[in-house]
Amino acid sequence: MIIKNLQKNKACPTKRGRCGGFVILFAVTLAAILLSIALGVSNVALREIKFGTSAKDTNEAFFAADIGDECALVNDKSTSNVFMDSGLGTPIQINCNNSKIDVAKDSGRPFWRFNVSGLGNGGQSCASVTVDKTVVDRTTVISKGYNFSCVSTSPNLVEREIKVSY
Amino acid sequence: MKKFFKQNNKAFTLVETLVAISIFTMSILGLISILASGISNTGYAKNKMTASYLAQEGIEYVRNIRDTDVISAVDGQTGWSKFFLDKDNISYPVTDPDFAGFTRKIQINSVGPSVDEVQISSTVSWTQNSGDFSITFTENLFNWVE
């Protein structure tokens, strides 16, 4: 009698008298929900790690820019006076970070460019510096620091720029 | 064949339940392992951020000493010379509560034979569940004061 009643009150009475698939449907649904939660959590964790790494890269790039900037300043002192407009395109060499650096001068105008490489903790960072004296009695040093090489095309490349005018 | 399945389909509920339990168990285990690694990674990211700020502060601390020496001396060159000579004897007080769990080491080294350039290296290291970690920033300071 009880069995008959149970059979009558089945949740999904079918013509064939069999009602299956609910348990596995619930299990798969629950599994999907749980795994989507897990995916969300791991996505947040991944983003946080990327954020932490970008903070490190930012500092590497900024310190590289600062080194390039100070390197230009020390070579522009009256005692060094490297960036002097002689009108000639003669090659100049400066010494920064214990390495000799070639300075390229634009022909016909007082504008110099040089790169300081091998910076940062792993020696990977680089600074690209320009010294602009095209305006009379005005010097503008623009130093762009990178966490990788100056010619890197890495998608994780970070650039920080320092501009000094005096 | 059809007849066979029609006659013996009562054990299907058991098989179905076992499969469902195994799927559910696997998803729970997956969730737990991903949550554990997610929490660990979040902790690592937090410590890395703190360490990078502390390492940056170390560089700024030395820069501040250089600037103070240069500004307070009778002239810039005297100030730089004082900084250059004292560079091995600078003490770095660590009183900030943020340092709990972190250690910082600051080194100031000469760069080649040059007396107009020093290299600062600030390393912050910490230990967490998955091992020892450290972060290092380096910066060069120059004697560019006239």
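What comes next is a walk through the structure. As the structure is a prediction and not an experimental result, all values here were calculated from the model. (Residues numbered from 1 in each chain as written. Chains lettered and ligands numbered in written order. Predicted model: local features only at pLDDT ≥ 70, side-chain atom pairs only at ≥ 80, totals over all residues. Heavy atoms only, no water.)

## Thoughts on the overall build of chain B
Assigned secondary structure in chain B consists of 3 helices and 3 strands. The secondary structure elements of chain B, listed N-terminal to C-terminal, are α-α-α-β-β-β. Relative to its full complement of 146 residues, chain B shows a buried share of 36%. For chain B, long-range pairs separated by at least 24 residues make up 54% of all intrachain contacts whose partners lie at least 6 apart in sequence. Element-wise, carbon and sulfur atoms account for 61% of the exposed surface of chain B, whose accessible area totals about 8,600 Å². (Helix = DSSP H or I, 4+ residues; strand = E, 2+ residues; numbered from the N terminus. Buried < 20%, exposed > 50% of the residue type's maximum accessible area, 1.4 Å probe, protein only. Contact = heavy atoms within 4.5 Å. Areas by Shrake-Rupley, 256 points an atom, 1.4 Å probe, with all protein chains shown as cover.)

## Let's talk about the interface of chain A and chain B
At the interface, 42 residues of chain A touch 45 residues of chain B. When chain A packs against chain B, the two sides together hide about 3,700 Å² of surface, and 66% of this comes from carbon and sulfur. Linking chain A with chain B are 3 salt bridges. Our count for the chain A to chain B interface comes out at 11 residue pairs in polar contact (both at pLDDT 80 or more). The residue inventory of the side of chain A that touches chain B, partitioned by class, reads 22 nonpolar, 11 polar and 9 charged. (Buried area = accessible area lost by both parts, 1.4 Å probe. Salt bridge = Lys/Arg side-chain N within 4 Å of Asp/Glu carboxyl O. Polar contact = N/O pair within 3.5 Å; in protein donor to acceptor, adjacent residues only side chain to side chain. Nonpolar A, V, L, I, M, F, W, Y, C, P; charged D, E, K, R; others polar.)

## Focus on the packing of helix 2 (residues 12-72) of chain B against helix 3 (residues 76-86) of chain B
All names here are of chain B. Remark: helix 2 packs on helix 3, axes separated minimally by 7 Å, with the N-to-C direction vectors making an angle of 140°. As summarised for this structure, helix 2 and helix 3 are arranged oblique, according to the angle between their axes. In the packing of helix 2 onto helix 3, the handedness of the crossing is right-handed. Mapping the contact onto sequence places Val-62, Ile-65, Arg-66, Asp-69 and Val-70 in helix 2 and Gly-76, Gly-79, Trp-80, Lys-82 and Phe-83 in helix 3. For the contact of helix 2 with helix 3, the residue count by class is 5 nonpolar, 2 polar and 3 charged. (Axes fitted to C-alpha atoms, helices over the stretch in contact; angles between N-to-C directions. Parallel < 35°, antiparallel > 145°, perpendicular 65-115°, else oblique. Left-handed = near helix turned anticlockwise from the far one by under 90°.)

## So, helix 3 of chain B
Quick reminder: α-helices carry 3.6 residues per turn. Residues three or four places apart thus point the same way. Residue and element names in this part refer to chain B. Regarding helix 3, the residues found buried are Gly-76, Gly-79, Trp-80, Phe-83 and Phe-84. Down the axis of helix 3, the buried set is contained in an arc of 135°. They therefore lie on one face. Elements that come into contact with the buried residues of helix 3 comprise helix 2, strand 1 (102-110), strand 2 (117-128) and strand 3 (131-142). Between the side-chain oxygen at the start of helix 3 and the backbone nitrogen of Gln-77 there is a gap of 3.0 Å, and the oxygen is on Asp-75. (Arc of directions from axis to C-beta.)

## Concerning the pairing of strand 4 (residues 125-132) of chain A
All names here are of chain A. The element strand 4 is largely enclosed, with a buried count of 6 among its 8 residues. The hairpin turn running from strand 3 (residues 111-119) into strand 4, its antiparallel successor, is 5 residues long, and Gly-120 in that turn takes a positive phi close to 80°. Pairing of strand 4 with strand 5 (residues 140-146) involves 7 bridges; the strand directions are antiparallel. The residue bridging Ser-128 from the neighbouring strand is Lys-144, located in strand 5. (Pairing = 2+ DSSP bridges.)

## Considerations on the pattern of salt bridges
Enumeration over the complete set of coordinates arrives at 12 salt bridges over all chains. A salt bridge links Glu-60 of chain A to Lys-56 of chain A; the nearest nitrogen and oxygen atoms lie 3.6 Å apart. With Glu-60 of chain A and Lys-56 of chain A both in helix 2 (residues 22-75), this residue pair falls 4 residues apart, about one helical turn. As a salt-bridge pair, Asp-69 of chain B and Lys-82 of chain B come within 3.5 Å of each other at their nearest N and O atoms. With a gap of 13 residues between them, Asp-69 of chain B in helix 2 and Lys-82 of chain B in helix 3 connect regions that are remote in the sequence. Given a relative accessible area of 43%, Lys-82 of chain B falls into the partly exposed group.

## A short note on the sheet that holds strand 2 (residues 99-105) of chain A
Residues and elements named next belong to chain A. Within the open sheet, the 6 strands sit side by side as 1-2-3-4-5-6. Their pairing is antiparallel. Every interior strand has two partners, whereas the edge strands, strand 1 (92-96) and strand 6 (159-165), have only one. Strand-to-strand, the axes of this sheet are offset by a mean angle of 20°, without reference to chain direction. Examined bridge by bridge, strand 5 and strand 6 share 7 bridges and lie antiparallel to one another. Bridging from a neighbouring strand, Gly-145 pairs with Arg-160 of strand 6. Relative to the sheet, helix 2 contacts strand 1, strand 3, strand 4, strand 5 and strand 6, its axis offset from that of strand 5 by approximately 150°.

## Concerning the state of the cysteines
Residue and element names in this part refer to chain A. Considering all chains together, one arrives at 2 disulfides over all chains under this definition. Residue Cys-71 pairs covalently with Cys-96 via a disulfide, S to S 1.8 Å. Across the S-S bond linking Cys-71 and Cys-96, the dihedral sits near 95°, which makes this disulfide right-handed. Here the residue Cys-71 occupies a position in helix 2, and Cys-96 occupies one in strand 1, the gap between them amounting to 25 residues. Exposure class is identical for Cys-71 and Cys-96. Each is buried. Here Cys-126 pairs with Cys-150 through a disulfide, and the sulfurs are 1.9 Å apart. Taking the sign of the torsion about the S-S bond as the criterion, the disulfide between Cys-126 and Cys-150, at about -95°, is left-handed. Of the two residues, Cys-126 is situated in strand 4 and Cys-150 in the loop between strand 5 and strand 6; the sequence distance between them amounts to 24 residues. The buried category is assigned to Cys-126, whose relative accessible area is 4%. On the accessibility criterion, Cys-150 (19% relative accessible area) is buried. (Disulfide = S-S within 2.5 Å.)

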